[in-house]
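Here is how the chains run, residue by residue.
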Amino acid sequence: MNGNTPYAGSPGITQAGKRAAADLPELTGEQKRALRRDVSRIAAQTRAYLPDEYVVDSDVSQAAGGPRATVAVQPPVGHPVSAGFSPENDDLESDSLIDDEDRSEVARGLAASAALQVKQAVQDDVMPTAR
C-alpha cells in the first residue's frame, strides 16, 4: 500500500511523489556472488532433506524493489513452494548476506512445506495400511 502513496520511498531521501534509483540497493559483483553462494547453500540443504523426486532450484535477480533471491521446491505432486530474500542496505556490508541460522531455518521450512504439499495432494488417494 505504501507504493500507492505520494510519499513512497526512503524517508529523507526521496521527495514526495518521486522514486529515485538511490532508494534501491545496488549489488557489487562480489555481493552478487555472495548472495548466489548463500542461496545455493539453502538449495543444497533443502535437497539434503528431500528425496530425489523433489526439484529444488535457486535464482538471484534484480526486481523492481531491488535485488531478490529465491529458492523454490517443486514436489512430485502438489503446488510448488518458495522462499524469497531481499537484502537490505545494512545486510550488504557483511561477507555473508544470509547467516547460517537463517539458511538452516529456510531450508527446513521449505522441505517441510514441500512435504506437506505432497501429503495434501495425495490425502484421499492413499489407503491406510492398518487400522
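That block above? That's the structure.
An account of the accompanying structure is given in this report. Computed from a predicted structure; not experimentally measured. (Residues numbered from 1 in each chain as written. Predicted model: local features only at pLDDT ≥ 70, side-chain atom pairs only at ≥ 80, totals over all residues. Heavy atoms only, no water.)

Here we come to the overall build of the protein. Scanning the protein from N- to C-terminus turns up two helices and three strands. Starting at the N terminus and walking to the C terminus, you meet the elements of the protein as α-β-β-β-α. Scored against the burial criterion, the 131 residues of the protein give a buried share of 27%. A sequence separation of at least 24 residues applies to 50% of the contacts in the protein between residues at least 6 apart. Put simply, the protein shows about 8900 Å² of open surface, and 50% of that area lies on carbon and sulfur atoms. (Helix = DSSP H or I, 4+ residues; strand = E, 2+ residues; numbered from the N terminus. Buried < 20%, exposed > 50% of the residue type's maximum accessible area, 1.4 Å probe, protein only. Contact = heavy atoms within 4.5 Å. Areas by Shrake-Rupley, 256 points an atom, 1.4 Å probe, with all protein chains shown as cover.)

Now for the sheet that holds strand 1 (residues 55-63). Read from one edge of the open sheet, three strands run 1-2-3, paired in antiparallel fashion. Pairing within the sheet leaves two strands with one partner each, and these edge strands are strand 1 and strand 3 (81-85). On average, each strand axis in the sheet is tilted by 20° relative to the strand beside it, whichever way the strands run. Note: strand 2 (residues 66-74) against strand 3, five bridges, orientation antiparallel. If you follow V71 over to strand 3, its bridge partner there is A83. Relative to strand 3, helix 2 (residues 100-122) is tilted by about 155°, and along the sheet it contacts strand 2 and strand 3. (Pairing = 2+ DSSP bridges. Axes fitted to C-alpha atoms, helices over the stretch in contact; angles between N-to-C directions.)

Next up on the list: helix 1 (residues 29-49). Here helix 1 spans 31 Å end to end across 21 residues, near enough to the 30 Å set by a 1.5 Å rise per residue. Where helix 1 is buried, its residues touch strand 1, strand 2, strand 3 and helix 2. (Expected span 1.5 Å × (residues − 1).)

L35, V39, L50, V71 and V73 are the most contacted members of the largest nonpolar core, which totals 20 residues. Broken down by secondary-structure element, the contributors of at least two residues to this core are helix 1, strand 1, strand 2 and helix 2. At five residues, the largest contribution of residues to this core is made by helix 2. Apart from residues lying up to four places away in sequence, L50 is in contact with V56, V73, A111 and A114. (Core = buried A, V, L, I, M, F, W, Y, C linked by side-chain atoms within 4.5 Å.)

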